[in-house]
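Spelled out, the chains give:
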Amino acid sequence: MTSGVLAQIDLTALQHNIARVRTYAPKAAILAMIKADAYGHGLLAVAQALSPPLPSSADGFGVARLEEALFLRQHGIELPILVMAGFLCAEELEKMSEFSISTVVHTLEQVQLLESTSLKEPVSVWLKMDTGMHRLGLPPAVIPEAYTRLLACDNVAKPMTLFSHLARSDELSSTMTQEQTDLFNRIVHAIPSAAKSIANSAAIMTWPQTHMDWVRPGIMLYGISPFANRVGADFDLQPVMTLKSHLIAVHTLSKGDAVSYGSTWICPEKMRVGVIAVGYADGYPRHARNGTPILVNGVRCALVGRVSMDLTTVDLRPCPQAKIGDPVVLWGEGLPIEEVAAAADTIAYELLCHVMSRVRFEYRYV
Ligand SMILES: *Cc1c(COP(=O)(O)O)cnc(C)c1O
């Protein structure tokens, strides 16, 4: 037993979850979104677990930055890899060509660079349309011209893919997904030769009209619900990461005793309080409130007092037998990360991306 924090990564759950994507969208190819170190789960291990010849393999990978794509190529990953940010200069474009990495094109500056650079091999292009999110993408009115120019450009492999990103697909009562999809369809209707893509996890799970040729699941691959107030298990998704630690001290405190920095917890009665070897330096959220659920010996307990850098304190009243060395689950199996995120006023995506490098990772097929 070590006193450090362990992130157990269940690759069987990952494979189960991608099979769920296939069930939701049986006709679509899957671009597995593994940006941000595979949402904190480990870029290479996740890419390997989703690569052929495994039956659960993806059809391609989406990463945020060129560095992530190059790392995957250098470590033997052969599926198509799409860089969501695209390229900023000719050097990056040349690297993409050399390592057969696909790029997003979302500005006319990028179209211009593709036209003016000489590449050894053409690159695959996903042309991004802004249908209302107003983050990345060309305005719909500019897409036909950009597409025509890219079609004529020898540096661009054909066919291309046209895609857009949804801003509110996790909100079932919002009309925005339908509006964005309609706008997208109006423009791409005239371009039958291109593949199309618009769906993220929430759209895969609830908007079949968005599935098209490629779906782009992220959070659901990791077993997590994209919808507020729901958890992955509601959709037969299994958590991939379980974050674990141990009790390293147990105290019996008196009524009126204060716990941790700022004395934000005052014991209402004589009670036992445990000290867990986990803190915000591991990625456990400092803003987790009193009452945030924590499993001690598999029993639901509540966080009390402020989370500190290396330590977190827990109310042991539900768990009278608890002792030093007992196992603690911060999130994952038996404790949905969605609940922890809600108690810390954030989303599971952020908690996953914040797991720190001192946490030990263990990969296993269960
Ligand atoms: C991250 C990302 C996704 C995946 O989103 P989830 O909500 O995690 O499924 C899909 N498309 C794009 C463009 C993304 O950046």
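Residues numbered from 1 in each chain as written. Predicted model: local features only at pLDDT ≥ 70, side-chain atom pairs only at ≥ 80, totals over all residues. Heavy atoms only, no water.

**Section: the overall build of the chain**
Part 1 of the reasoning: Helix and strand counts for the chain come out as 11 helices and 18 strands.
Part 2 of the reasoning: Considering only C-alpha atoms, the chain reaches an extent of 75 × 45 × 40 Å along its principal axes.
Part 3 of the reasoning: Taking all 366 residues of the chain together, the buried fraction comes to 55%.
Part 4 of the reasoning: Across the chain, contacts joining residues at least 24 apart in sequence account for 65% of those joining residues at least 6 apart.
Part 5 of the reasoning: On the chain, roughly 16,000 Å² of surface is accessible, and the fraction owed to carbon and sulfur atoms is 55%.
Part 6 of the reasoning: Distance between charge centroids for the chain: 6 Å, based on 30 positive and 35 negative side chains. (Helix = DSSP H or I, 4+ residues; strand = E, 2+ residues; numbered from the N terminus. Buried < 20%, exposed > 50% of the residue type's maximum accessible area, 1.4 Å probe, protein only. Contact = heavy atoms within 4.5 Å. Areas by Shrake-Rupley, 256 points an atom, 1.4 Å probe, with all protein chains shown as cover. Lys, Arg positive; Asp, Glu negative; His and termini not counted. Charge placed at Lys NZ, Arg CZ, Asp CG, Glu CD.)

**Regarding helix α7 (residues 143-151)**
Part 1 of the reasoning: Within α7, the full set of buried residues consists of Ile143, Ala146, Tyr147 and Leu150. The arc that holds every buried residue of α7, seen down its axis, measures 100°, which confines them to one face. (Arc of directions from axis to C-beta.)

**Here we look at the site of the ligand**
Part 1 of the reasoning: Around the ligand, the structure places Met33, Lys35, Tyr39, Met84, His165, Asn200, Ser201, Arg216, Pro217, Gly218, Ile219 and Tyr349.
Part 2 of the reasoning: At 3.5 Å, a side-chain N or O of His165 approaches a nitrogen atom of the ligand.
Part 3 of the reasoning: Here an oxygen atom of the ligand and a side-chain polar atom of Tyr349 are 2.7 Å apart.
Part 4 of the reasoning: The protein chains hide 91% of the 390 Å² of surface that the ligand would expose on its own. (Near = heavy atom within 4 Å. Polar contact = N/O pair within 3.5 Å; in protein donor to acceptor, adjacent residues only side chain to side chain.)

**A word on the sheet that holds strand β8 (residues 195-199)**
Across a sheet, strands are paired by hydrogen bonds formed along the backbone, either parallel or antiparallel in direction.
Part 1 of the reasoning: Sheet architecture is closed into a barrel: 8 strands sit in the order β2-β3-β4-β5-β6-β7-β8-β9, paired in parallel fashion.
Part 2 of the reasoning: As paired strands, strand β5 (residues 102-105) and strand β6 (residues 125-128) are joined by 3 bridges and run parallel to one another. Across the sheet, the residue bridging to Val105 is Leu127, located in β6. (Pairing = 2+ DSSP bridges.)

**Here's the deal with the domain arrangement of the chain**
Part 1 of the reasoning: Entries for the chain in the domain assignment read domain 1 (12-224) and domain 2 (241-364).
Part 2 of the reasoning: Placing the centre of domain 1 and that of domain 2 at their C-alpha centroids yields a distance of 37 Å.
Part 3 of the reasoning: Between domain 1 and domain 2, the residue contacts involve 10 residues of the former and 10 residues of the latter.
Part 4 of the reasoning: Buried area between domain 1 and domain 2, summed over both chains or domains, comes out near 850 Å², and the portion from carbon and sulfur atoms is 69%.
Part 5 of the reasoning: The largest share of the area that domain 1 buries against domain 2 comes from Tyr39, His41 and Ile224, three residues that together contribute 52% of it.
Part 6 of the reasoning: Broken down by element, the side of domain 1 that touches domain 2 gets its largest block of residues, 3 residues, from helix α2 (residues 35-40).
Part 7 of the reasoning: Each residue belonging to the side of domain 1 that touches domain 2 can be placed in one class, and the counts come to 5 nonpolar, 5 polar and no charged. (Domains from an automatic or database assignment. Buried area = accessible area lost by both parts, 1.4 Å probe. Nonpolar A, V, L, I, M, F, W, Y, C, P; charged D, E, K, R; others polar.)

**Quick notes on the pairing of β6**
Part 1 of the reasoning: Of the two faces of β6, the one carrying Val125 and Leu127 and the one carrying Trp126 and Lys128 are both buried.
Part 2 of the reasoning: The parallel pair β5 and β6, bridged by helix α6 (residues 108-116), forms a crossover whose chirality is right-handed.
Part 3 of the reasoning: Examined bridge by bridge, β6 and strand β7 (residues 161-163) share 3 bridges and lie parallel to one another. When the bridges of β7 are listed, Leu127 appears paired with Leu162. (Right-handed = clockwise from strand over helix to strand, strands pointing away.)

**Notes on the nonpolar core**
Part 1 of the reasoning: Counting 117 residues, the largest nonpolar core has Ile34, Leu114, Tyr284, Val296 and Trp331 as its most contacted members.
Part 2 of the reasoning: Residue assignment places this core across two domains, with domain 1 (12-224) and domain 2 (241-364) each supplying three or more.
Part 3 of the reasoning: Counting residues in each nonpolar core, the second largest holds 7 residues, with Leu253, Val259, Cys267 and Met271 among its members. (Core = buried A, V, L, I, M, F, W, Y, C linked by side-chain atoms within 4.5 Å.)

**Things to note about the pattern of salt bridges**
Part 1 of the reasoning: Going through the model one piece at a time under the given rule, you end up with 13 salt bridges.
Part 2 of the reasoning: Salt-bridge contacts for Arg149 lead to Glu115; the nearest nitrogen and oxygen are separated by 2.7 Å. On the criterion of sequence distance, the pair formed by Arg149 in helix α7 and Glu115 in helix α6 is long-range, its members being 34 residues apart.
Part 3 of the reasoning: Classification of Arg149 by relative accessible area gives partly exposed; the value is 24%.
Part 4 of the reasoning: Among the salt bridges present, the one from Arg300 reaches Glu339, with a minimum N-O distance of 2.4 Å. Of this pair, Arg300 sits in strand β15 (residues 299-303) while Glu339 sits in helix α10 (residues 337-343), and the two are 39 residues apart along the sequence. (Salt bridge = Lys/Arg side-chain N within 4 Å of Asp/Glu carboxyl O.)

**Considerations on unusual backbone geometry**
Part 1 of the reasoning: Going from Pro52 to Pro53, the amide bond is cis rather than trans, its omega being 5°.
Part 2 of the reasoning: By secondary structure assignment, the location of Pro53 is in the loop between α3 (43-49) and β3 (60-63).
Part 3 of the reasoning: Residue Lys158 is joined to Pro159 through a cis peptide bond whose omega torsion reads 0°.
Part 4 of the reasoning: Relative to the assigned elements, Pro159 resides in the loop between α7 and β7.
Part 5 of the reasoning: Even without glycine at this site, Ala38 takes up a positive phi of about 55°.

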